[in-house]
Amino acid sequence: MTFPTAPENYSPTPDLLRGKTILVTGAGDGIGRAAALAYAAHGATVILLGRTESKLERVYDDIEASGGPKPALVALDLATATEDNIIHLASGLAQEFPHLDGLLHNASILGERRPIESASYASWLDVMQVNVNAQFLLTRYMLPLLQRAPTASIVFTSSGVGRTGKAYWGAYAVSKFATEGFMQVLASELENTSRVRVNSLNPGATNTAMRRTAYPGEQPTDNPAPEEIMASYLYLMGDDSCGVTGRAFNSR
Ligand code: NDP
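This write-up is about the structure you can find in this document. On a predicted model such as this, the values are computed, not experimentally measured, just so you know.

1. Examining the site of the ligand
So, point 1. Taken together, 32 residues are adjacent to the ligand, and Thr 52, Lys 55, Asn 106, Tyr 172 and Thr 208 come closest.
So, point 2. At 2.8 Å, a side-chain N or O of Lys 55 approaches an oxygen atom of the ligand.
So, point 3. Residue Thr 206 places a main-chain N or O atom 2.9 Å away from an oxygen atom belonging to the ligand.
So, point 4. Relative to its unbound accessible surface of 900 Å², the ligand loses 93% to contact with the protein.
So, point 5. Taking a 2 Å distance to the grid points as the criterion, the majority of the atoms of the ligand fall inside the largest pocket.
So, point 6. Looking at the shell around the ligand, the elements with two or more residues in it are helix H1 (30-41), helix H5 (170-190) and helix H6 (209-214).
So, point 7. The leading source of residues in the shell around the ligand is H6, at 3 residues.

As C-alpha coordinates, this is what we get:
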(Lines give C-alpha, C1' and ligand atoms only; values in the text may rest on other atoms or scores of the structure.)
Protein backbone atom coordinates (compact mmCIF):
# COMPACT_ATOMS: atom_id res chain seq x y z
CA MET A 1 0.00 0.00 0.00
CA THR A 2 1.32 3.46 -0.80
CA PHE A 3 0.69 6.51 1.29
CA PRO A 4 0.67 10.14 0.17
CA THR A 5 3.53 12.48 1.04
CA ALA A 6 3.89 16.25 0.86
CA PRO A 7 4.13 17.45 -2.78
CA GLU A 8 7.49 16.59 -4.31
CA ASN A 9 10.14 19.21 -3.55
CA TYR A 10 7.62 21.01 -1.35
CA SER A 11 9.09 24.36 -0.45
CA PRO A 12 7.14 26.22 2.23
CA THR A 13 7.15 30.00 2.14
CA PRO A 14 9.10 31.59 5.02
CA ASP A 15 5.89 33.02 6.49
CA LEU A 16 3.79 29.87 5.99
CA LEU A 17 2.69 29.84 9.63
CA ARG A 18 2.81 33.53 10.48
CA GLY A 19 0.04 34.48 12.92
CA LYS A 20 -0.69 30.84 13.76
CA THR A 21 -0.52 29.26 17.20
CA ILE A 22 0.47 25.59 17.24
CA LEU A 23 0.60 23.15 20.13
CA VAL A 24 3.30 20.47 19.83
CA THR A 25 3.43 17.55 22.29
CA GLY A 26 6.79 16.00 23.08
CA ALA A 27 8.41 19.24 21.95
CA GLY A 28 11.57 18.84 24.02
CA ASP A 29 13.37 16.23 21.99
CA GLY A 30 13.52 14.29 18.73
CA ILE A 31 10.97 14.96 16.02
CA GLY A 32 8.78 17.16 18.25
CA ARG A 33 11.69 19.46 18.98
CA ALA A 34 12.52 19.76 15.29
CA ALA A 35 8.86 20.43 14.44
CA ALA A 36 8.61 23.13 17.12
CA LEU A 37 11.73 24.85 15.76
CA ALA A 38 10.55 24.52 12.14
CA TYR A 39 7.09 25.91 12.96
CA ALA A 40 8.61 28.86 14.83
CA ALA A 41 11.06 29.48 11.97
CA HIS A 42 8.03 29.78 9.66
CA GLY A 43 6.36 32.33 11.92
CA ALA A 44 4.22 30.30 14.34
CA THR A 45 3.82 30.90 18.05
CA VAL A 46 4.52 27.42 19.37
CA ILE A 47 3.13 25.99 22.60
CA LEU A 48 5.82 23.58 23.74
CA LEU A 49 4.34 20.70 25.74
CA GLY A 50 6.48 17.95 27.25
CA ARG A 51 7.43 16.19 30.43
CA THR A 52 11.02 17.40 30.92
CA GLU A 53 11.00 21.11 31.66
CA SER A 54 14.74 21.61 31.12
CA LYS A 55 14.47 20.26 27.57
CA LEU A 56 11.50 22.51 26.81
CA GLU A 57 13.45 25.49 28.18
CA ARG A 58 16.29 24.77 25.78
CA VAL A 59 13.88 24.67 22.84
CA TYR A 60 12.30 27.89 24.12
CA ASP A 61 15.73 29.54 24.24
CA ASP A 62 16.64 28.28 20.77
CA ILE A 63 13.44 29.78 19.33
CA GLU A 64 14.03 33.10 21.07
CA ALA A 65 17.69 33.17 19.94
CA SER A 66 16.67 32.59 16.34
CA GLY A 67 14.21 35.50 16.46
CA GLY A 68 11.02 33.40 16.30
CA PRO A 69 7.79 34.45 17.99
CA LYS A 70 7.89 34.05 21.78
CA PRO A 71 6.74 30.48 22.52
CA ALA A 72 4.72 29.20 25.48
CA LEU A 73 5.91 26.38 27.68
CA VAL A 74 3.74 23.67 29.25
CA ALA A 75 5.53 21.12 31.44
CA LEU A 76 3.07 18.24 31.68
CA ASP A 77 3.58 14.50 31.99
CA LEU A 78 0.98 12.89 29.74
CA ALA A 79 1.40 9.60 31.61
CA THR A 80 -0.17 11.10 34.72
CA ALA A 81 -2.17 14.06 33.37
CA THR A 82 -5.81 13.90 34.44
CA GLU A 83 -8.90 15.09 32.63
CA ASP A 84 -8.99 18.06 35.03
CA ASN A 85 -5.37 18.93 34.16
CA ILE A 86 -6.24 19.05 30.46
CA ILE A 87 -9.43 21.06 31.06
CA HIS A 88 -7.36 23.52 33.11
CA LEU A 89 -4.74 23.70 30.34
CA ALA A 90 -7.38 24.34 27.68
CA SER A 91 -8.99 27.14 29.68
CA GLY A 92 -5.59 28.71 30.37
CA LEU A 93 -4.72 28.64 26.66
CA ALA A 94 -8.14 30.07 25.77
CA GLN A 95 -7.36 33.07 27.97
CA GLU A 96 -4.02 33.63 26.31
CA PHE A 97 -4.80 32.83 22.67
CA PRO A 98 -7.90 33.71 20.62
CA HIS A 99 -7.66 30.41 18.76
CA LEU A 100 -5.46 27.43 18.12
CA ASP A 101 -4.45 26.80 14.51
CA GLY A 102 -2.61 23.53 14.89
CA LEU A 103 -2.12 20.54 17.15
CA LEU A 104 0.73 18.11 16.53
CA HIS A 105 0.25 14.93 18.53
CA ASN A 106 3.85 13.77 18.62
CA ALA A 107 4.69 12.53 22.14
CA SER A 108 4.76 8.75 22.39
CA ILE A 109 6.50 6.04 24.32
CA LEU A 110 7.77 2.76 22.97
CA GLY A 111 6.95 0.50 25.94
CA GLU A 112 8.13 -3.07 25.95
CA ARG A 113 9.02 -4.88 22.80
CA ARG A 114 8.22 -8.51 23.50
CA PRO A 115 5.67 -11.19 22.62
CA ILE A 116 2.09 -10.59 23.70
CA GLU A 117 2.17 -13.83 25.69
CA SER A 118 4.76 -12.40 28.10
CA ALA A 119 3.79 -8.70 27.92
CA SER A 120 3.15 -6.82 31.15
CA TYR A 121 -0.26 -5.25 31.68
CA ALA A 122 1.30 -2.29 33.51
CA SER A 123 3.45 -1.45 30.50
CA TRP A 124 0.46 -1.93 28.17
CA LEU A 125 -1.51 0.61 30.22
CA ASP A 126 1.39 3.10 30.25
CA VAL A 127 1.66 3.01 26.48
CA MET A 128 -2.08 3.38 25.97
CA GLN A 129 -2.18 6.24 28.45
CA VAL A 130 0.45 8.34 26.70
CA ASN A 131 -0.08 7.28 23.09
CA VAL A 132 -3.87 7.08 23.00
CA ASN A 133 -5.73 8.36 26.08
CA ALA A 134 -3.75 11.60 26.38
CA GLN A 135 -4.35 12.24 22.68
CA PHE A 136 -8.07 11.85 23.27
CA LEU A 137 -8.06 14.29 26.20
CA LEU A 138 -6.00 16.90 24.39
CA THR A 139 -8.08 16.62 21.23
CA ARG A 140 -11.37 16.67 23.10
CA TYR A 141 -10.56 19.79 25.10
CA MET A 142 -8.57 21.71 22.46
CA LEU A 143 -11.28 21.31 19.80
CA PRO A 144 -13.26 24.43 20.82
CA LEU A 145 -10.10 26.56 20.47
CA LEU A 146 -9.22 24.86 17.16
CA GLN A 147 -12.72 25.51 15.86
CA ARG A 148 -12.30 29.23 16.51
CA ALA A 149 -9.42 29.42 14.00
CA PRO A 150 -10.05 30.41 10.35
CA THR A 151 -8.54 27.03 9.41
CA ALA A 152 -6.90 24.50 11.70
CA SER A 153 -4.92 21.28 11.38
CA ILE A 154 -4.61 18.30 13.69
CA VAL A 155 -1.73 15.96 12.87
CA PHE A 156 -1.49 12.57 14.55
CA THR A 157 1.86 10.77 14.53
CA SER A 158 1.69 7.23 13.25
CA SER A 159 4.25 4.56 12.48
CA GLY A 160 4.79 1.76 9.99
CA VAL A 161 3.71 -0.70 12.69
CA GLY A 162 0.46 1.23 13.08
CA ARG A 163 -0.44 0.36 9.51
CA THR A 164 0.84 -3.22 9.32
CA GLY A 165 1.16 -5.17 12.57
CA LYS A 166 4.52 -6.70 13.34
CA ALA A 167 5.64 -9.29 15.90
CA TYR A 168 6.94 -8.00 19.22
CA TRP A 169 5.78 -4.41 18.71
CA GLY A 170 2.92 -5.03 21.16
CA ALA A 171 1.18 -2.08 22.76
CA TYR A 172 3.10 0.49 20.70
CA ALA A 173 1.83 -0.95 17.41
CA VAL A 174 -1.71 -1.29 18.75
CA SER A 175 -1.59 2.31 20.03
CA LYS A 176 -0.62 3.51 16.55
CA PHE A 177 -3.49 1.53 14.94
CA ALA A 178 -5.74 3.26 17.49
CA THR A 179 -4.21 6.57 16.47
CA GLU A 180 -5.04 5.92 12.81
CA GLY A 181 -8.59 4.97 13.78
CA PHE A 182 -8.97 8.07 15.93
CA MET A 183 -7.77 10.21 13.03
CA GLN A 184 -10.33 8.67 10.68
CA VAL A 185 -13.25 9.00 13.10
CA LEU A 186 -12.43 12.62 13.90
CA ALA A 187 -11.75 13.60 10.28
CA SER A 188 -15.08 12.10 9.26
CA GLU A 189 -16.91 13.96 12.04
CA LEU A 190 -15.32 17.30 11.21
CA GLU A 191 -15.14 17.11 7.42
CA ASN A 192 -18.39 18.87 6.58
CA THR A 193 -19.01 20.61 9.86
CA SER A 194 -15.83 22.56 10.57
CA ARG A 195 -12.67 24.06 9.12
CA VAL A 196 -10.50 21.65 11.10
CA ARG A 197 -8.65 19.08 9.01
CA VAL A 198 -7.24 15.91 10.53
CA ASN A 199 -4.50 13.68 9.14
CA SER A 200 -1.88 11.21 10.32
CA LEU A 201 1.80 11.21 9.49
CA ASN A 202 4.33 8.40 9.70
CA PRO A 203 7.75 10.02 10.02
CA GLY A 204 9.55 6.83 8.99
CA ALA A 205 12.94 5.80 10.38
CA THR A 206 14.45 8.93 11.95
CA ASN A 207 17.55 9.33 14.08
CA THR A 208 16.11 9.99 17.56
CA ALA A 209 16.43 8.51 21.04
CA MET A 210 13.34 6.35 20.43
CA ARG A 211 14.73 4.96 17.20
CA ARG A 212 18.11 4.21 18.76
CA THR A 213 16.35 2.31 21.57
CA ALA A 214 14.11 0.37 19.18
CA TYR A 215 16.95 -0.54 16.81
CA PRO A 216 20.18 -0.73 18.80
CA GLY A 217 21.88 -2.57 15.93
CA GLU A 218 21.38 0.25 13.44
CA GLN A 219 23.98 2.86 12.58
CA PRO A 220 22.02 5.93 13.82
CA THR A 221 23.36 8.24 11.13
CA ASP A 222 21.99 5.94 8.42
CA ASN A 223 18.60 7.49 9.24
CA PRO A 224 17.75 11.12 8.53
CA ALA A 225 17.90 13.62 11.38
CA PRO A 226 14.52 15.02 12.48
CA GLU A 227 15.37 18.36 10.84
CA GLU A 228 15.58 16.59 7.47
CA ILE A 229 11.98 15.35 7.47
CA MET A 230 10.21 18.61 8.25
CA ALA A 231 8.69 19.27 4.79
CA SER A 232 5.69 17.04 5.49
CA TYR A 233 5.26 18.47 9.01
CA LEU A 234 5.14 21.97 7.55
CA TYR A 235 2.92 20.99 4.64
CA LEU A 236 0.30 19.40 6.87
CA MET A 237 0.33 22.27 9.39
CA GLY A 238 0.20 25.15 6.91
CA ASP A 239 -2.62 26.32 4.67
CA ASP A 240 -1.09 24.55 1.64
CA SER A 241 -2.86 21.42 2.91
CA CYS A 242 -6.27 23.07 3.37
CA GLY A 243 -8.95 20.68 2.13
CA VAL A 244 -6.80 17.61 2.80
CA THR A 245 -8.34 15.55 5.57
CA GLY A 246 -8.72 11.97 6.74
CA ARG A 247 -5.53 10.83 5.07
CA ALA A 248 -2.57 8.79 6.28
CA PHE A 249 0.67 10.41 5.15
CA ASN A 250 4.28 9.27 5.04
CA SER A 251 7.02 11.83 5.54
CA ARG A 252 8.85 10.43 2.49
P1 NDP B 1 11.66 10.59 21.18
O2 NDP B 1 11.56 9.53 22.22
O3 NDP B 1 12.99 11.02 20.69
O4 NDP B 1 10.86 11.88 21.65
C5 NDP B 1 9.57 11.73 22.20
C6 NDP B 1 9.19 13.01 22.89
O7 NDP B 1 7.93 12.76 23.55
C8 NDP B 1 10.18 13.43 23.94
O9 NDP B 1 10.33 14.83 23.93
C10 NDP B 1 9.53 12.96 25.22
O11 NDP B 1 9.86 13.70 26.36
C12 NDP B 1 8.06 13.15 24.90
N13 NDP B 1 7.26 12.33 25.80
C14 NDP B 1 7.36 11.01 26.01
N15 NDP B 1 6.53 10.64 26.99
C16 NDP B 1 5.89 11.75 27.41
C17 NDP B 1 4.94 12.02 28.41
N18 NDP B 1 4.50 11.06 29.22
N19 NDP B 1 4.49 13.28 28.58
C20 NDP B 1 4.95 14.26 27.79
N21 NDP B 1 5.88 14.09 26.83
C22 NDP B 1 6.35 12.84 26.64
O23 NDP B 1 10.78 10.03 19.97
P24 NDP B 1 10.74 10.44 18.43
O25 NDP B 1 11.04 11.88 18.26
O26 NDP B 1 11.47 9.42 17.67
O27 NDP B 1 9.20 10.16 18.12
C28 NDP B 1 8.26 11.17 17.87
C29 NDP B 1 7.03 10.51 17.31
O30 NDP B 1 7.33 9.86 16.08
C31 NDP B 1 6.43 9.44 18.21
O32 NDP B 1 5.03 9.49 18.15
C33 NDP B 1 6.92 8.14 17.58
O34 NDP B 1 6.09 7.07 17.88
C35 NDP B 1 6.92 8.50 16.11
N36 NDP B 1 7.78 7.70 15.27
C37 NDP B 1 9.14 7.82 15.33
C38 NDP B 1 9.95 7.10 14.48
C39 NDP B 1 11.44 7.21 14.52
O40 NDP B 1 12.12 6.48 13.77
N41 NDP B 1 12.03 8.06 15.33
C42 NDP B 1 9.37 6.17 13.48
C43 NDP B 1 7.94 6.12 13.51
C44 NDP B 1 7.19 6.87 14.36
P45 NDP B 1 11.30 13.56 27.09
O46 NDP B 1 12.24 14.26 26.17
O47 NDP B 1 11.11 14.25 28.36
O48 NDP B 1 11.57 12.09 27.18
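Once you've had a look at it, read on.
2. Here's the deal with helix H3 (residues 83-96)
So, point 1. With 14 residues, H3 should cover 20 Å at 1.5 Å per step; its first-to-last C-alpha distance of 20 Å lies within 8% of that length.
So, point 2. Three or more residues of H3 are buried, namely Ile 86, Leu 89, Ala 90 and Leu 93. Down the axis of H3, the smallest arc covering the buried residues is 95 degrees, so these residues share one side. Structural note: H3 exposes Asp 84, His 88 and Gln 95 on the side pointing more than 90 degrees away from its buried face.

Basis of the calculations
Residues numbered from 1 in each chain as written. Predicted model: local features only at pLDDT ≥ 70, side-chain atom pairs only at ≥ 80, totals over all residues. Heavy atoms only, no water. Near = heavy atom within 4 Å. Polar contact = N/O pair within 3.5 Å; in protein donor to acceptor, adjacent residues only side chain to side chain. Areas by Shrake-Rupley, 256 points an atom, 1.4 Å probe, with all protein chains shown as cover. 1 Å grid on protein atoms, 1.4 Å probe; cavity = no way out; pocket = protein on both sides within 12 Å on 5 of 7 lines; lining within 4 Å. Sits in = over half its atoms within 2 Å of the grid points. Helix = DSSP H or I, 4+ residues; strand = E, 2+ residues; numbered from the N terminus. Expected span 1.5 Å × (residues − 1). Buried < 20%, exposed > 50% of the residue type's maximum accessible area, 1.4 Å probe, protein only. Arc of directions from axis to C-beta.

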